[in-house]
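# Summary of structural features
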Amino acid sequence: LLTGSLTINNSKLNNLNIYLDNGVHEDSLNIIKSTGSINNIYVRNSFQDAIDLDFSNLYIKKIEVENAGNDCLDISAGNYIIDNIITNQCLDKGISVGESSNIKIGNLEIKNSDVGIVIKDSSYAKISKGKVENSKVCLAMYRKKQEFAGSYLEIPEKICDKNKIYIQKNSLLKFL
């Protein structure tokens, strides 16, 4: 278990295990322009975002985040396959996917976040199963940046309360 923050840039990752506590920077873990596989990422007590993945192509078996001052998982511009994500106590978003990202998630559990799931800015996401509990907004889909379009999401119908879903025009939600 490392104390503090970690940036991985332009790297080939192979079955890595990352454990971080008490990150003090904008991102406790920031992976940029990297490829490969990660077994486990565990991040606890982040000052701002717990995990930020940018411009990467990654396969991750398990992500677990506890107590983030902003987003638990923030993803931009890449291709990602994640088998299992568990987040608790995300002050802002449980998971935020944007900037033309493609992501497939096997199982997603989000507890105690302001917004559970955000898919935005020309991104594609498929979540096979999961649940969002105790969030003000379960799911939001929109265009934030003008250079992008709406987004597309496939998700199980019973993942959350349908009264807590916000979808801006030009985004498409498909229930599995």
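The paragraphs below set out a description of the structure included in this document. Here the structure is a predicted model, which is why all the values come from computation and not from measurement. (Residues numbered from 1 in each chain as written. Predicted model: local features only at pLDDT ≥ 70, side-chain atom pairs only at ≥ 80, totals over all residues. Heavy atoms only, no water.)

To continue, consider the state of the cysteines. The tally for this structure, following the rule as stated, stands at two disulfides. The partner cysteine of Cys-72 in its disulfide is Cys-90, sulfur to sulfur 2.1 Å. Between Cys-72 and Cys-90, the disulfide has an S-S torsion of -100 degrees and is therefore left-handed. Remark: Cys-90 occurs in strand S9 (residues 79-98) and Cys-72 occurs in the loop between strand S7 (57-68) and strand S8 (73-76); sequence separation between them is 18 residues. Like Cys-90, Cys-72 is buried. Sequence-ordered numbering of the bonded cysteines in the protein yields a pairing of 1-2, 3-4. (Disulfide = S-S within 2.5 Å. Helix = DSSP H or I, 4+ residues; strand = E, 2+ residues; numbered from the N terminus. Buried < 20%, exposed > 50% of the residue type's maximum accessible area, 1.4 Å probe, protein only.)

Here we come to the pairing of S9. Here ten bridges tie S7 to S9, and the two strands are oriented parallel to one another. The partner of Leu-58 across the bridge, within S9, is Tyr-80. Pairing between S8 and S9: four bridges, direction parallel. Bridge pairing in S9 links Asp-74 to Ser-96. Sheet topology places S9 next to strand S10 (residues 102-120); 14 bridges connect them, and they run parallel. (Pairing = 2+ DSSP bridges.)

Glancing now at the nonpolar core. Membership of the largest hydrophobic core comes to 43 residues, with the highest contact counts inside it found for Ile-51, Ile-95 and Ile-117. Those residues in contact with Ile-95 that sit more than four places away from it in its chain are Leu-73, Ile-85, Ile-103, Ile-105, Leu-108, Ile-110, Gly-116, Ile-117 and Val-118. (Core = buried A, V, L, I, M, F, W, Y, C linked by side-chain atoms within 4.5 Å. Contact = heavy atoms within 4.5 Å.)

If you trace the backbone, Ser-76 turns up in strand S8. Once the C-alpha coordinates of Ser-76 and Ser-101 are considered, the two residues, 25 residues apart in sequence, prove to be 5.7 Å apart. With residues near it in sequence (within four places) discarded, Ser-76 still touches Leu-53, Asp-54, Phe-55, Gly-98, Glu-99 and Ser-101.

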